[in-house]
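Spelled out, the chains give:
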Amino acid sequence: MALAIHGGAGTILRSQMTPDLEREYRGGLETALKAGWAILESGGSSLDAVERAVISLEDFPLFNAGRGSVFTHAGEQEMDAAIMDGNNLRAGAVAFVKNIKNPVGLARLVMERTEHVLLAGEGANQFAEQIGVKAEPDEYFFTEHRWLQLQEAIAEGRVQLDHANSPPYEGGVAAASADGVVLSDAPPRKPIGTVGAVACDKNGHLAAATSTGGMTNKKFGRIGDTAIIGSGTYADQTCAVSCTGHGEYFMLAATAFDVAARMKYKSLSLEAAAQEAVDYLTTINGEGGLIAVDTSGKVTLPFNSDGMYRGSIAPGGAIEIEIYKTQ
Ligand code: ASP
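Definitions and cut-offs
- Residues numbered from 1 in each chain as written.
- Predicted model: local features only at pLDDT ≥ 70, side-chain atom pairs only at ≥ 80, totals over all residues.
- Heavy atoms only, no water.
- Helix = DSSP H or I, 4+ residues; strand = E, 2+ residues; numbered from the N terminus.
- Expected span 1.5 Å × (residues − 1).
- Buried < 20%, exposed > 50% of the residue type's maximum accessible area, 1.4 Å probe, protein only.
- Phe/Tyr/Trp six-rings, centres within 6.5 Å; stacked < 30°, edge-to-face > 60°.
- Salt bridge = Lys/Arg side-chain N within 4 Å of Asp/Glu carboxyl O.
- Pairing = 2+ DSSP bridges.
- Axes fitted to C-alpha atoms, helices over the stretch in contact; angles between N-to-C directions.
- Contact = heavy atoms within 4.5 Å.
- Parallel < 35°, antiparallel > 145°, perpendicular 65-115°, else oblique.
- Left-handed = near helix turned anticlockwise from the far one by under 90°.
- Near = heavy atom within 4 Å.
- Polar contact = N/O pair within 3.5 Å; in protein donor to acceptor, adjacent residues only side chain to side chain.
- Areas by Shrake-Rupley, 256 points an atom, 1.4 Å probe, with all protein chains shown as cover.
- Nonpolar A, V, L, I, M, F, W, Y, C, P; charged D, E, K, R; others polar.
- Core = buried A, V, L, I, M, F, W, Y, C linked by side-chain atoms within 4.5 Å.

### A few points about unusual backbone geometry
At step 1: Look at Leu89: it is not a glycine, yet its phi comes out positive at around 45 degrees.
At step 2: Even without a glycine there, the phi angle at Asn99 is positive, about 60 degrees.
At step 3: Tracing the backbone through its elements, the reader meets Asn99 in the loop between β3 (90–97) and α3 (103–113).

Structure representation (structure tokens):
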């Protein structure tokens with residue numbers, strides 16, 4: 001059995017952290033690990049464990065998912081989430097949904113109650129309403145530091161990754177527009193992020209889940225890698241992967257699936273495959289990281305950014321939480 005979680009990757013420096021804030025982050029990660037682990041320990045499935053851990057992180061306002069999500073240019077909070085059951089190769093995802101307390105739970109309902117994998121925008125909200133998922137008012141999601149982040153991003157004319165310093169993605173529409181759509185490489189503020197979990201249960205079944213508010217000041221219904229199966233989230237009978245970072249690059253590299261593909265087609269170990277996938281991301285200027293687990297319960301958490309909020313729990317209950325680079 002194994003469980004690993006992340007709370008986002010990016011420019012996370014010890015010099016920018018206060019002891020109190022660090023304690024809060026660690027507390028949020030620990031609570032999520034314990035919540036997911038309790039399910040695995042009592043014989044529950046990896047699917048239930050990753051959903052439970054991600055719900056805990058969505059409810060924690062310092063991370064960019066659920067409550068505390070970042071704001072779009074229009075001052076909205078639009079969230080993306082996905083969940084995947086590796087044993088049955090089933091997945092569900094939602095993109096730019098609003099007012100949903102736990103987008104990962106809605107993603108699971110897409111998987112279980114529809115014949116689709118990904119529902120977006122108003123349609124996804126209508127689905128939620130139809131099946132009785134309670135909507136929360138805007139105030140529930142609001143946090144002042146996210147609002148201030150948006151004002152700064154608008155003033156500086158940039159679409160801000162939550163905590164990344166990678167060069168702007170200059171593809172397609174973004175490069176062509178002159179009205180502030182171009183992603184700027186100006187240094188970001190407040191590093192806090194997207195959340196995810198991967199787990200292996202007592203039967204060796206794997207699952208992954210990821211949830212995010214995306215990028216501050218995003219426009220035009222932008223969807224990131226989180227909701228895209230194979231990019232930010234993936235699980236099969238080889239491994240389960242949840243990613244965080246500059247989503248455009250994770251989509252270009254199909255990073256989450258890339259880990260599974262390298263294991264399957266190159267017979268690499270989990271650790272080697274995940275490291276190669278992150279190395280490839282680095283070659284295309286993508287910043288971020290991932291967490292992954294295989295059927296033997298091995299966990300790996302590579303990243304190419306300054307830091308990544310991350311943690312894992314081993315049989316026996318020993319919890320490991322790290323934020324910065326350890327070497
Ligand atoms: N990958 C997320 C996105 O691009 C952001 C993050 O991981 O912080 O929407």
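### What about helix α9 (residues 255–266)?
At step 1: In a regular helix each residue adds 1.5 Å, so twelve residues correspond to 16 Å; α9 covers 15 Å between its end C-alpha atoms and thus fits that length.
At step 2: Every buried residue of α9 is listed here: Thr255, Ala256, Asp258, Val259, Ala260, Ala261, Arg262 and Met263.

### Quick word on helix α6 (residues 144–155)
Every α-helix carries 3.6 residues per turn, so stepping three or four residues along brings you back to the same face.
At step 1: The end-to-end C-alpha separation of α6 is 17 Å, in line with the 16 Å expected for twelve residues at 1.5 Å each.
At step 2: Just beyond α6, the residue with positive phi is Gly157, at close to 65 degrees.

### Here we look at the packing of aromatic side chains
At step 1: Counted by the stated rule, this structure contains nine aromatic pairs.
At step 2: Ring geometry for Phe60 against Phe63: centres 5.2 Å apart, planes inclined by 45 degrees, an arrangement best described as tilted.
At step 3: Consider the rings of Phe71 and Trp147, whose centres lie 4.9 Å apart with planes at 85 degrees: the pair is edge-to-face. Of the two residues, Phe71 sits in the loop between α2 (46–59) and β2 (79–85) while Trp147 sits in helix α6, which places them 76 residues apart along the sequence.

### A few points about the pattern of salt bridges
At step 1: On inspection of all chains with the given rule, the structure shows 15 salt bridges.
At step 2: Residue Arg108 is joined to Asp48 by a salt bridge in which the shortest nitrogen-to-oxygen separation is 2.6 Å. Separated by 60 residues along the polypeptide, Arg108 in helix α3 and Asp48 in helix α2 bring together distant segments of the chain.
At step 3: Asp48 gets classed as partly exposed once you look at its relative accessible area, which sits at 30%.
At step 4: Across the pair Arg90 and Asp85 runs a salt bridge whose closest N-O atoms are separated by 3.3 Å.
At step 5: What makes Asp85 buried here is its relative accessible area of 8%.
At step 6: A cluster of three or more residues bridged by salt bridges with shared partners is formed by Asp48, Glu51, Arg108 and Glu112.

### Let's talk about the sheet that holds β3
At step 1: One open sheet accounts for eight strands, arranged β4-β3-β2-β6-β5-β1-β11-β12; its pairing is mixed. The sheet is open, and its two borders are formed by β4 (118–120) and β12 (319–324), each paired with just one other strand. With direction set aside, neighbouring strand axes in the sheet form an average angle of 10 degrees.
At step 2: Two strands pair when backbone bridges link them, and β2 and β3 are joined in this way by six bridges, in the antiparallel orientation. Looking at β3, one finds that Met79 is bridged to Val97.
At step 3: Packing of α2 onto the sheet brings it into contact with β1 (2–10), β2, β3, β5 (195–200) and β6 (206–212), and relative to β5 it is tilted by some 160 degrees.

### Describing the packing of helix α1 (residues 19–41) against α2
At step 1: Where α1 contacts α2, the axes come no closer than 8 Å and their chain directions differ by 160 degrees. As the angle between them shows, α1 and α2 are arranged roughly antiparallel. Taken as a pair, α1 and α2 cross one another with a handedness that is right-handed. Listed contacts from α2 to Gly28, Leu29, Thr31, Ala32, Ala35, Gly36, Ile39 and Leu40 of α1 are Ser46, Asp48, Ala49, Arg52, Ala53, Ser56 and Leu57.

### Quick word on the site of the ligand
At step 1: Around the ligand, the surrounding shell holds ten residues, and the nearest of these are Thr194, Arg222, Asp225, Thr244 and Gly245.
At step 2: At a separation of 3.0 Å, an oxygen atom of the ligand approaches a polar side-chain atom of Thr194.
At step 3: Separating an oxygen atom of the ligand from a side-chain N or O atom of Arg222 is a distance of 2.8 Å.
At step 4: Coverage of the ligand by the protein chains reaches 99% of its 270 Å² of free accessible surface.
At step 5: Taken together, the residues that form the shell around the ligand break down as no nonpolar, eight polar and two charged.

### Observations regarding the nonpolar core
At step 1: Ile5, Phe63 and Tyr309 are the most contacted members of the largest nonpolar core, which totals 35 residues.
At step 2: Counting residues per element, the ones that place at least two in this core are β1, α1, α2, α3, β5, β6, β11 (307–313) and β12.
At step 3: When residues in this core are grouped by element, the largest group, seven residues, is from α2.
At step 4: Within the second largest apolar cluster, 34 residues are counted, among which are Ala2, Cys200, Ala240 and Leu270.

### Examining the sheet that holds strand β8 (residues 239–245)
At step 1: The antiparallel open sheet is built from four strands, whose spatial order is β7-β8-β9-β10. The sheet is open, and its two edges are formed by β7 (233–235) and β10 (299–300), each paired on a single side.
At step 2: As paired elements, β8 and strand β9 (residues 288–294) share seven bridges and run antiparallel to each other. Looking at the pairing, Ala240 lines up with Val293 of β9.
At step 3: Its contacts with the sheet put α9 on β7, β8 and β9, and the angle it makes with β8 is roughly 145 degrees.
At step 4: Packing against the sheet, helix α10 (residues 270–283) makes contact with β8, β9 and β10, and its axis sits at approximately 160 degrees to β9.

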